[in-house]
Amino acid sequence: NAGVTQTPKFQVLKTGQSMTLQCAQDMNHEYMSWYRQDPGMGLRLIHYSVGAGITDQGEVPNGYNVSRSTTEDFPLRLLSAAPSQTSVYFCASSYMTPRTGELFFGEGSRLTVL
Amino acid sequence: SQQGEEDPQALSIQEGENATMNCSYKTSINNLQWYRQNSGRGLVHLILIRSNEREKHSGRLRVTLDTSKKSSSLLITASRAADTASYFCAQNAGGTSYGKLTFGQGTILTVHP
């Protein structure tokens, strides 16, 4: 199994450009989420999904859009990139069971907005 | 924000010593988890402790949970240079989406050979 796969690993954007960070998992996890990691801030939840067709906002959703058309994929869209969105983005997934809640993380996508 | 706090922010020890990291959180939880992150990599799950558990072991890891103080600690015994990484606690808030985790800011552990 590949686990959680994120693409691209690195991206440089200019202010105002849009782009999509891709996330795919092959573990048949119901739950998928996006976090951003900034120095000294830990990980902050952007958006999450508990199944195909269902999404919800996390702590820092502004400037980002998500959709979940399939169980496997959960893309994150930056609508109009800003320098404040320079960060490392992590996609994570898990089974929807109260017995675990263990998240499986991708390797991250490092985004720089100039 | 439900974000927890971790203490210390950085810890430097010699190989063979024990490392203890602490985590405090603000609201009631369903479970608390610890993750490890090597530099430039994604996070890896280490251990999960439920709100009705007080202590849990996994190899050289020992986690305690005190719900009355809203705190948890991670002990790594007989540390190795390969344990050098950042360690994060994450809380799964009670009654909410089971996978929705709120992370602390992490402890950077450096183990010197």
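Before reading on, note that the structure itself is shown above.
Okay, so let's go over this structure. (Residues numbered from 1 in each chain as written. Chains lettered and ligands numbered in written order. Predicted model: local features only at pLDDT ≥ 70, side-chain atom pairs only at ≥ 80, totals over all residues. Heavy atoms only, no water.)

Comments concerning the sheet that holds strand β8 (residues 71–76) of chain B
Residues and elements named next belong to chain B.
1) Next: Spatially, β1-β3-β8-β7-β6 is the arrangement adopted by the five strands of the open sheet, whose pairing is antiparallel. Each of the sheet's edge strands pairs with one partner strand only, and the pair in question is β1 (5–7) and β6 (55–58). For this sheet, the mean inter-axis angle between neighbouring strands, taken without regard to orientation, is 15 degrees. (Pairing = 2+ DSSP bridges. Helix = DSSP H or I, 4+ residues; strand = E, 2+ residues; numbered from the N terminus. Axes fitted to C-alpha atoms, helices over the stretch in contact; angles between N-to-C directions.)

What about the nonpolar core?
1) Next: One finds B:Met21, B:Leu32, B:Trp34, B:Leu74, B:Ile76, B:Tyr87 and B:Leu109 to be the most contacted residues of the largest nonpolar core, which totals 21 residues.
2) Next: The set of elements that each furnish at least two residues to this core consists of β2 (10–14), β3 (19–24), β4 (29–37), β5 (43–50), β7 (61–66), β8, β9 (85–93) and β11 (107–112) of chain B.
3) Next: When neighbours within four sequence positions are excluded, B:Leu74 is seen to be in contact with B:Ala19, B:Thr20, B:Met21, B:Trp34, B:Leu46, B:Leu61, B:Arg62, B:Val63 and B:Tyr87.
4) Next: If you look at the next biggest cluster of nonpolar residues, it comprises 19 residues, including A:Leu13, A:Met32, A:Val66 and A:Leu111. (Core = buried A, V, L, I, M, F, W, Y, C linked by side-chain atoms within 4.5 Å. Buried < 20%, exposed > 50% of the residue type's maximum accessible area, 1.4 Å probe, protein only. Contact = heavy atoms within 4.5 Å.)

Focus on the pattern of salt bridges
1) Next: Within the structure shown, the criterion is met by seven salt bridges over all chains.
2) Next: Linking A:Arg36 and A:Asp38 is a salt bridge whose minimum nitrogen-to-oxygen distance equals 2.9 Å.
3) Next: For B:Arg60, the salt bridge identified is with B:Asp83, shortest N-O distance 2.9 Å. With B:Arg60 in the loop between β6 and β7 and B:Asp83 in the loop between β8 and β9, this pair connects stretches of sequence that are 23 residues apart.
4) Next: With a relative accessible area of 6%, B:Asp83 lands in the buried category.
5) Next: Within the structure, one salt-bridge network assembled from shared partners comprises A:Arg36, A:Asp38 and A:Arg44. (Salt bridge = Lys/Arg side-chain N within 4 Å of Asp/Glu carboxyl O.)

A look at the pairing of β4(B)
Residues and elements named next belong to chain B.
1) Next: The buried fraction of β4 amounts to eight of the nine residues, a majority that puts the element mostly inside the structure.
2) Next: Here β4 runs beside β9; their pairing, made up of eight bridges, is antiparallel. The residue bridging Asn-31 from the neighbouring strand is Asn-92, located in β9.
3) Next: Two elements, β4 and β5, share seven bridges in a ladder whose sense is antiparallel. Following the sheet pairing, Gln-37 is matched in β5 by Leu-43.
4) Next: In sequence, β4 turns back onto β5 through a hairpin of five residues, with Gly-40 there showing a positive phi of about 75 degrees.

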